[in-house]
Structures are given as C-alpha cells and as structure tokens.
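# A structural walkthrough
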Amino acid sequence: MELILKPFKGVGDFNFGDPISAVITQYDYEHIPLEDEGGSDLYALEDIPVTLGVNDDVIDAVFCDDVCMYKGKNIIGMTIEEFMSHTGEKYHGDVEEEEDEDDDIPDYIYEFEE
C-alpha cells in the first residue's frame, strides 16, 4: 500500500472516521491502550510502518513512521518551511510543542485549514 496523504481525509487506505474493526481484521497489529484522558488508543500495524490513533472505535489519526507521500514527495523529515513551499499552504495560530516520551525530542504541531 502506498502511504499517500489525503489532507483532512486520511493516509493511504486509512480514512479518518472509518471503524477500526475493518482494519484489525486485515492486519497484524499491537494494541496500545489509552493511557490518559483525551488521547487515543493506538494500533501499531506490523506489516506497514503506520500507527493508527483510535477514539470511540474509529480512526482519528494516522502516524507514518518513515514515508508519507504528498504530491510526489515524502513529507516525513521535511522542515515546516519545505512543507509549506511544497504544498503551498500556510499554518495558522500558535505552534504547539509536545514532548515525545520515546526520544525526548519535542514534536511541533502546526494547524492548517481545510
């Protein structure tokens, strides 16, 4: 499966709002239960470098490990400036910073309008 970003809709065959039940019957996965309020359960797929965020049994996030294609380029590893140049989009509002428990490198979250 090609992991192609569909802005505000999903990545590859994984669409926001789709039931997780359809995915877990097709793929081997590790279920990582929700640890705190407001987050999502995670389903790390074993054959595809993707982790799905699930809330109320529907997909609400797709986390790509190495590759996420958009308009012919892999956007994983791009700087925000490269991303905005490639997509022609600009973010709005304040940039949110979250600590990453796995590698202690902060994640920066940018908001884009649909």
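These notes cover the structure that comes with them.

## Points about the packing of aromatic side chains
- Using the criterion set out here, one finds 4 aromatic pairs in the structure.
- Aromatic pair Tyr91 and Tyr110: ring centres 4.8 Å apart, planes at 70°, arrangement edge-to-face. Linking Tyr91 in the loop between helix H2 (80–87) and strand E10 (92–98) with Tyr110 in strand E11 (residues 107–111), this pair joins segments that are 19 residues apart in sequence.
- Its relative accessible area of 27% is what places Tyr110 among the partly exposed residues.

## Some thoughts on unusual backbone geometry
- Residues other than glycine seldom take positive phi values, yet Phe8 does so here, at roughly 65°.
- Relative to the elements of secondary structure, Phe8 occurs in the loop between strand E1 (5–6) and strand E2 (10–11).
- Positive phi values are uncommon outside glycine, yet Asp56 reaches one of about 55°.
- Tracing the backbone through its elements, the reader meets Asp56 in the loop between strand E6 (50–55) and strand E7 (58–64).
- The exposure class assigned to Asp56 is exposed, which follows from its relative accessible area of 71%.

## Points about the side chain of His86
- Residue position: His86 is located in helix H2.
- Ignoring anything within four residues of it in the chain, the contact list for His86 reads Tyr70, Lys71, Lys73, Ile75 and Met78.

## Brief notes about the side chain of Thr51
- Tracing the backbone shows Thr51 in strand E6.
- Classification of Thr51 by relative accessible area gives buried; the value is 15%.
- Excluding residues that lie within four positions of it along the chain, Thr51 makes contacts with Leu42, Tyr43, Ala44, Ala61, Val62, Phe63 and Asp65.

The rules behind each value
Residues numbered from 1 in each chain as written. Predicted model: local features only at pLDDT ≥ 70, side-chain atom pairs only at ≥ 80, totals over all residues. Heavy atoms only, no water. Phe/Tyr/Trp six-rings, centres within 6.5 Å; stacked < 30°, edge-to-face > 60°. Helix = DSSP H or I, 4+ residues; strand = E, 2+ residues; numbered from the N terminus. Buried < 20%, exposed > 50% of the residue type's maximum accessible area, 1.4 Å probe, protein only. Contact = heavy atoms within 4.5 Å.

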